[in-house]
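One-letter residues, chain by chain:
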Amino acid sequence: MEKTLEGMAVVIGGMVLDIHATPSIRSSNPRGTTTPVDYMFGGVARNIAECMSRLRPKPFIISALGLDNAGNLLLEHWRSLGLPVQGIRQGLDMTTATVCNMFGIDGELVAGVASVESIERCLTPNWIQLFSSIISAAPVLMIDANLSSDALMAPCQTAADAEVPLWFEPVSVAKSRRVAAVAKYVTFASPNEVELLAMANAVIGGNGVLRVRRNLDNAKSSIETLFRTLKPAISVLLERGIKFVIVTLGSDGVFLCSRGGPRCLNETLNGAQSLGMEEELYSTVMMSCPPDDYSCSTSFNGSSHLFVVHFPALPATVVRVSGAGDCLVGGILSALCSGLNVKQSMAVGVAAAKAYVQVEANVPTMFDLVAIAGDAGVVYSSAKVLFQTSAL
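Now for a look at the structure at hand. Note that this is a predicted model, so its numbers are computed, not measured.

It is worth spelling out the side chain of Ser-118 at this point. Within the secondary structure, Ser-118 is located in helix α3 (residues 117-122). Setting aside residues no more than four positions away along its own chain, Ser-118 makes contact with Thr-95, Thr-96, Ala-97 and Leu-123.

What follows is the structure, given as structure tokens:
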């Protein structure tokens with residue numbers, strides 16, 4: 001494998017052609033209304049990887065596409081971004097994954113149908129293992145739960161052997177349960193509230209975790225009340241070996257949960273800057289988010305101290321909200337790969353998510369690093385320690 005690929009962050013998962021339909025007016029007509037339809041490049045892994053590339057550090061993606069019109073479009077777009085395509089499997093026996101989503105005029109997802117079985121069938125352990133040397137040399141590995149259980153296990157073991165931090169992206173409630181087999185390998189996981197509960201139930205092999213979540217139709221819960229509701233599920237995942245649980249809360253922001261105490265906020269990816277990652281993001285964010293003075297090690301080691309920080313969402317002119325989590329993850333990973341610490345990287349992720357919800361595309365075609373750094377500075381200074389204890 002080419003030496004130039006070593007040291008790149010690795011992203012494994014789905015590349016999808018998205019079909020988005022959004023009505024221009026609210027209608028109660030049961031027979032429907034005229035609705036503009038857009039074709040977009042999508043897939044959780046693909047979106048995260050493109051977001052990373054827009055913020056400068058270029059990732060290496062491992063995925064699968066059909067040798068069809070949709071697959072060719074996705075592949076050509078990837079080439080146009082100047083990103084490597086060696087990890088993208090393509091063949092006549094595959095059909096490119098496709099998702100059709102209907103959004104309301106407020107940007108919320110209303111309904112969707114998906115045909116993504118080809119990702120599970122064609123993104124095999126054998127294909128992934130062809131790139132084991134790249135995974136072993138990566139600063140971080142991100143996998144999405146579109147993979148089959150066997151395909152998830154293969155890169156997890158490779159990353160563990162090479163001590164590469166691993167990020168698990170749940171994708172959906174049903175697929176989030178696949179974390180059960182690989183939880184002990186996971187450094188970061190990024191569920192929403194519902195995925196969090198499904199993951200916690202899955203890792204204990206039943207439905208013994210708190211089933212209640214906030215009623216979104218009722219008055220808005222306080223952040224403290226919301227955390228108390230989710231704390232049992234968060235604790236289960238941390239106890240099972242996940243180092244950081246990042247719970248996305250929509251307009252309520254994000255919880256960063258770990259067992260590392262305050263020092264976890266200053267942790268960085270080992271060797272990220274020395275791997276030749278982009279320095280512009282690092283230097284720009286450093287000016288607006290100066291590191292706090294926490295003593296810590298540079299590796300992701302656990303402890304018995306539950307520590308939770310709340311990062312607020314930023315006000316935005318919302319066009320579409322479904323999928324903001326992809327840019328949140330992409331922003332965090334980009335920042336970590338540039339050498340920024342966990343707290344700084346969380347702030348960058350929230351800023352990237354704001355940029356996403358203000359455009360119609362799955363990933364903004366350009367990020368203004370000065371604006372990202374400015375927004376990150378607001379989030380960084382507003383982050384609040386929500387919970388801290390010496391025992392789970």
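Moving on, there is more to tell.
Glancing now at the pattern of salt bridges. Enumeration over the complete set of coordinates arrives at 8 salt bridges. For the salt bridge of Arg-79 with Glu-76, the shortest nitrogen-to-oxygen distance reads 2.7 Å. Note that Arg-79 and Glu-76 are positioned in helix α2 (residues 69-80) at a spacing of 3 residues, about one turn of the helix. Classification of Glu-76 as partly exposed rests on a relative accessible area of 45%. Between Lys-343 and Asp-292 there is a salt bridge, with the nearest N and O atoms lying 2.7 Å from each other. In this pair, Lys-343 sits in helix α12 (residues 342-357) while Asp-292 sits in the loop between α10 (280-288) and β13 (307-311), placing the two residues 51 residues apart along the sequence. Through salt bridges with shared partners, a single ionic network connects Arg-46, Glu-50 and Arg-54.

To continue, consider α10. Listed as buried for α10 are Leu-281, Thr-284 and Val-285. For α10, the arc enclosing every buried residue in end-on projection is 90°, short of the 170-degree limit, so these residues lie on one face. In this structure, the buried side of α10 is in contact with α11 (324-337), α12 and α13 (369-382).

This brings us to the environment of Ser-63. Relative to the helices and strands, Ser-63 is located in strand β4 (residues 60-66). In this structure the C-alpha to C-alpha distance between Ser-63 and Gln-86, which are 23 residues apart in sequence, comes to 9.6 Å. Within the structure, the side chain of Ser-63 is placed 2.6 Å from the backbone oxygen of Gly-13, a separation counted as a polar contact.

Moving on to the packing of α11 against α12. One way to put it is that α11 packs onto α12 with a least axis distance of 7 Å and a crossing angle of 145°. The chirality of how α11 crosses α12 is right-handed. Packed against α11, whose contacting residues are Ala-324, Cys-327, Leu-328, Gly-331, Ile-332, Ala-335 and Leu-336, the element α12 presents Val-342, Ser-345, Met-346, Val-348, Gly-349, Val-350, Ala-352, Ala-353, Tyr-356 and Val-357 at the interface.

Bringing the sheet that holds strand β6 (residues 97-103) into the picture now. What the 4 strands build is an open sheet, ordered β3-β2-β6-β7; its pairing is mixed. The two strands at the open ends of the sheet, each matched to only one other strand, are β3 (37-42) and β7 (109-115). Averaged over all pairs of adjacent strands, the angle between their axes in this sheet comes to 20°, without regard to strand direction. Where strand β2 (residues 16-21) meets β3, 6 bridges bridge the pair, whose relative direction is antiparallel.

Packing of helix α8 (residues 193-203) against helix α9 (residues 223-239) leaves a shortest axis separation of 8 Å and a crossing angle of 35°. The hand of the α8/α9 crossing is left-handed. Contact residues: Glu-193, Leu-196, Leu-197, Met-199, Ala-200 and Val-203 in α8; Leu-226, Leu-230, Ala-233, Ile-234, Val-236 and Leu-237 in α9. Residue composition of the contact of α8 with α9, by class: 11 nonpolar, no polar and 1 charged.

For helix α6 (residues 149-161), with 13 residues, the first-to-last C-alpha span of 19 Å sits near the 18 Å given by 1.5 Å per residue. All of the buried residues in α6 are Ala-151, Leu-152, Ala-154, Pro-155, Cys-156, Thr-158 and Ala-159. Buried residues along α6 sit against β1 (10-12), α4 (125-129), α5 (132-136), β8 (141-144) and β9 (166-169). Just downstream of α6, Glu-163 is the residue with a positive phi angle, here 60°.

Strand order across the open sheet formed by 10 strands is β5-β4-β1-β8-β9-β10-β11-β12-β13-β14, with mixed pairing between neighbours. At either end of the open sheet lies a strand with only one pairing partner, and these are β5 (88-91) and β14 (384-388).

Okay, the environment of Ala-198 next. Its location among the elements puts Ala-198 in helix α8. Assessed through its relative accessible area of 7%, Ala-198 is described here as buried. Residues Ala-198 and Arg-177, spaced 21 residues apart in sequence, show a C-alpha to C-alpha distance of 6.1 Å.

A separate point is the state of the cysteines. The bond known as a disulfide is covalent and runs between the sulfur atoms of two cysteines. All chains considered together, the criterion is met by 0 disulfides. With no disulfide partner, Cys-327 has as its closest neighbouring cysteine sulfur the one in Cys-51, 4.0 Å distant. We classify Cys-327 as buried; its relative accessible area is 0%.

Here is what the cut-offs are and how they apply
- Residues numbered from 1 in each chain as written.
- Predicted model: local features only at pLDDT ≥ 70, side-chain atom pairs only at ≥ 80, totals over all residues.
- Heavy atoms only, no water.
- Helix = DSSP H or I, 4+ residues; strand = E, 2+ residues; numbered from the N terminus.
- Contact = heavy atoms within 4.5 Å.
- Salt bridge = Lys/Arg side-chain N within 4 Å of Asp/Glu carboxyl O.
- Buried < 20%, exposed > 50% of the residue type's maximum accessible area, 1.4 Å probe, protein only.
- Arc of directions from axis to C-beta.
- Polar contact = N/O pair within 3.5 Å; in protein donor to acceptor, adjacent residues only side chain to side chain.
- Axes fitted to C-alpha atoms, helices over the stretch in contact; angles between N-to-C directions.
- Left-handed = near helix turned anticlockwise from the far one by under 90°.
- Pairing = 2+ DSSP bridges.
- Nonpolar A, V, L, I, M, F, W, Y, C, P; charged D, E, K, R; others polar.
- Expected span 1.5 Å × (residues − 1).
- Disulfide = S-S within 2.5 Å.

Don't take any of this as a statement about function, it's just geometry.
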